[in-house]
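Observations on the three-dimensional arrangement
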Amino acid sequence: MSKRKPFIAGNWKMYKTSFEAVETARKLVRILKGINHVDIMIAPPFTALAAVYEVVKESSVMVGAQNLFWEKEGAYTGEISPGMIVSSGCRYVIIGHSERRQYFGETDCNVNKKIRAALNNSLVPVICIGETEKERDEGDTFNILDKQIKMGLEGFSPDDLKHVILAYEPVWAIGTGKTATSDQAQEVHRFLRSLIENLFGKKIAGSVRILYGGSVKPENIGELMLMPDIDGALVGGASLDAEKFAGIINFKI
Ligand code: 13P
């Protein structure tokens, strides 16, 4: 089975004003000119989406949002609809990030509704899953992931799965400098792919891209990308700097 096209995404979290985001996006476009062996996405804060899109729209860099609300419109103060995200130039949306689960009470049930809303609006959801340090220490990693996948993807068809990306982000490796070793990550990615095979069939399991996230840097991306079931990365801190992020995108294996 040939490997899938790599996908490297930068999650800018709650960093950068619109002005700063545009500056970084400009630098990135300049550095990445001519690169097309990797799909590249950046997810700035909502307030910078439209401005960043204007900067990258002629380049290979694509834009994603960090969250959405599933309703089309209405009295939902502070929320952003899928249509608003699409109209800001986004093709992707990150869903179920562990920080949303941890600080904003997001559940697998919410994640499920958000994935449906994304797909209904032709947005590709980048669906985040991962265990905490305590869950790993208690030997619960696979159970937790099994539950997150089964509940998050309940009711979806193999056809739907053609338009999603999964991101394994062990919570203990996010922003901590502790990367899962490439073997640890591969073990989980293999498990996830076999779970997808059981639920949606071999063909989908072979084509779905599974990203790794958690302290990815230019120094460790090569080793991760060598692994047969790791198809890319969802990068936090190191994506805020255009040169560092480009160093990850230009990984050598
Ligand atoms: P860090 O790369 O900063 O560990 O963040 C990972 C992450 O949460 C990406 O979504």
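Residues numbered from 1 in each chain as written. Predicted model: local features only at pLDDT ≥ 70, side-chain atom pairs only at ≥ 80, totals over all residues. Heavy atoms only, no water.

**Topic: the site of the ligand**
As a matter of local geometry, the ligand sits amid 13 residues, with Lys13, His97, Gly175, Ser215 and Gly237 nearest to it. Contact between the ligand and Lys13: an oxygen atom at 2.8 Å from a side-chain N or O atom of the residue. Between Gly175 and the ligand, the recorded distance is 2.6 Å, taken from a backbone N or O atom to an oxygen atom. Bound to the protein, the ligand loses 95% of the 310 Å² it would expose on its own. The residue makeup of the shell around the ligand, split by class, is 4 nonpolar, 7 polar and 2 charged. (Near = heavy atom within 4 Å. Polar contact = N/O pair within 3.5 Å; in protein donor to acceptor, adjacent residues only side chain to side chain. Areas by Shrake-Rupley, 256 points an atom, 1.4 Å probe, with all protein chains shown as cover. Nonpolar A, V, L, I, M, F, W, Y, C, P; charged D, E, K, R; others polar.)

**Some thoughts on the packing of aromatic side chains**
As enumerated under the stated definition, the model contains 6 aromatic pairs in all. Aromatic pair Phe69 and Trp70: ring centres 4.7 Å apart, planes at 40°, arrangement tilted. Take Trp70: its relative accessible area is 24%, and that puts it in the partly exposed class. In textbook terms, an aromatic cluster arises when at least three aromatic residues are bridged by ring pairs, as seen for Phe69, Trp70 and Tyr76. The positively charged end of Lys16 is found above the aromatic ring belonging to Trp12, 5.4 Å away from the centroid. (Phe/Tyr/Trp six-rings, centres within 6.5 Å; stacked < 30°, edge-to-face > 60°. Buried < 20%, exposed > 50% of the residue type's maximum accessible area, 1.4 Å probe, protein only. Lys NZ or Arg CZ within 6 Å of the ring centre and 35° of its normal.)

**Let's talk about the nonpolar core**
Core analysis: the biggest nonpolar cluster contains 68 residues, and Ile8, Ile42, Leu153, Leu192, Ile196 and Tyr212 have the highest contact counts within it. Top contributing element to this core by residue count: helix H9 (residues 182-200), with 7 residues. Setting aside its immediate chain neighbours within four residues, Leu192 contacts Ile129, Leu145, Ile149, Tyr168 and Ile210. (Core = buried A, V, L, I, M, F, W, Y, C linked by side-chain atoms within 4.5 Å. Helix = DSSP H or I, 4+ residues; strand = E, 2+ residues; numbered from the N terminus. Contact = heavy atoms within 4.5 Å.)

**Examining the environment of Ser88**
With respect to the helices and strands, Ser88 occurs in the loop between helix H3 (82-87) and strand S4 (92-95). Sequence spacing of Ser88 and Thr47 is 41 residues, and the spatial spacing of their C-alpha atoms is 9.8 Å. Excluding residues within four positions of it along the chain, Ser88 makes contact with Leu49, Ala50 and Tyr53.

**Some thoughts on the sheet that holds strand S3 (residues 61-65)**
Around the barrel, 8 strands lie side by side as S1-S2-S3-S4-S5-S6-S7-S8; this closed barrel has parallel pairing. Neighbour to neighbour, the strand axes of the sheet diverge by 25° on average, direction disregarded. Here S3 pairs with S4 via 2 bridges, running parallel. The residue of S4 that forms the bridge with Gly64 is Tyr92. Together, strand S1 (7-11), strand S2 (39-43) and strand S8 (232-235) form the strand contacts of helix H12 (residues 242-249), whose direction differs from that of S1 by roughly 160°. (Pairing = 2+ DSSP bridges. Axes fitted to C-alpha atoms, helices over the stretch in contact; angles between N-to-C directions.)

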